[in-house]
Amino acid sequence: MPRTSPAVALDALLSGNERFVAGAPSHPNQDAARRAELAPGQEPFAVILGCSDSRLAAEIIFDQGLGDLFVVRTAGHVLGAEVLGSVEYATAVLGCRLVVVLGHDSCGAVAAARDAVENGLPSKGFVRDVVERVTPSVLAARAAGLTSADDIVDEHIRHTVHLLLDRSRTLSDQVDAGEVAVVGMAYRLAEGSARILISGGTTGSPVAATGSTSAPAAATGTSGAPVSVMGGDQDS
């Protein structure tokens, strides 16, 4: 599905997740013909910035195949220069129209950051860097009166979406132009479902509501103004 619209890309992911949850995946684009087709180049339709957790394999969760998704994974989906560069490459060079920040319940990185804030438990080595990057989300959740583990994970997903738009001028310009949308999703390990938490850019209201347990909240771009999640093209 190369060069599609953000709305169609999101619909493809949500439909694939519904198949996965139902136990009826179609396993598309995973044969020898697809390998040969992709050998000259790739045109993935979405970027997944997800946690490195072994239970969060994007192609399986969204029932996609070779060449469909450009996947960037770090513990706690934390952002660094290499992550931002990878996302920008996917949207600006490869033509991806949708960026998904994919977090999940029982996230070890979020739990470690929460322990560090609440109990002063230190982390060693470079794990400390991961914890420090998640800590602002934990502090923001506490300031908002959020105390449950799931609420803190959701806050970290929202924070990552905002941070992407704030730190990447390339991405925020694409969102402002209606070329790319950024969506935050929370994955439930036991159920296998991906729920939309926040959407920045134009994904189209009918698509944004499909397959999610709650309507997406409005995101803000670098200007601080709300970014619409309603309307927009359904194809390109």
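Conventions and cut-offs
Residues numbered from 1 in each chain as written. Predicted model: local features only at pLDDT ≥ 70, side-chain atom pairs only at ≥ 80, totals over all residues. Heavy atoms only, no water. Core = buried A, V, L, I, M, F, W, Y, C linked by side-chain atoms within 4.5 Å. Buried < 20%, exposed > 50% of the residue type's maximum accessible area, 1.4 Å probe, protein only. Contact = heavy atoms within 4.5 Å. Phe/Tyr/Trp six-rings, centres within 6.5 Å; stacked < 30°, edge-to-face > 60°. Helix = DSSP H or I, 4+ residues; strand = E, 2+ residues; numbered from the N terminus. 1 Å grid on protein atoms, 1.4 Å probe; cavity = no way out; pocket = protein on both sides within 12 Å on 5 of 7 lines; lining within 4 Å. Points joined across faces, edges and corners; volume = space filled by probe spheres on them. Nonpolar A, V, L, I, M, F, W, Y, C, P; charged D, E, K, R; others polar.

Description of the nonpolar core
Right, so step 1: Formed by 58 residues in total, the largest nonpolar core has its most connected members in Leu13, Phe62, Leu98, Leu102, Leu164 and Met185.
Right, so step 2: Beyond its immediate sequence surroundings of up to four residues, Phe62 is in contact with Leu13, Gly16, Asn17, Arg19, Ile48, Leu102, Met185 and Ala194.

Brief notes about the packing of aromatic side chains
In this description, a pair of aromatic rings is defined by centroid distance and the angle of the planes.
Right, so step 1: For the coordinates displayed, the defined rule picks out one aromatic pair.
Right, so step 2: Between Phe70 and Tyr89, the ring centres sit 6.1 Å apart and the planes meet at 50°, which makes this aromatic pair tilted. Within this pair, whereas Phe70 is found in strand E2 (residues 69–74), its partner Tyr89 is found in helix H4 (residues 81–92), the two being separated by 19 residues in sequence.
Right, so step 3: Judged by relative accessible area, Tyr89 falls into the partly exposed class, the value being 38%.

Comments concerning the environment of Val83
Right, so step 1: Following the sequence through the fold, Val83 ends up in helix H4.
Right, so step 2: For Val83, a relative accessible area of 2% translates into the label buried.
Right, so step 3: Taking the C-alpha atoms as reference points, Val83 and Leu164, separated by 81 residues in sequence, lie 9.7 Å from one another.
Right, so step 4: The contacts of Val83, once residues within four sequence positions are left out, are Leu49, Val72, Thr74 and Val78.

What about empty space enclosed by the protein?
Right, so step 1: Counted by the stated rule, this structure contains one cavity of 30 Å³ or more.
Right, so step 2: Roughly 40 Å³ of internal volume is contained in the largest cavity.
Right, so step 3: Lining the largest cavity, in full, are His104, Asp105, Asp150, Val153, Asp154, Ala186, Tyr187, Arg188 and Arg195.
Right, so step 4: Ranked by residue count, the leading element in the lining of the largest cavity is helix H7 (residues 149–167), at three residues.
Right, so step 5: The class makeup of the residues in the lining of the largest cavity is three nonpolar, one polar and five charged.

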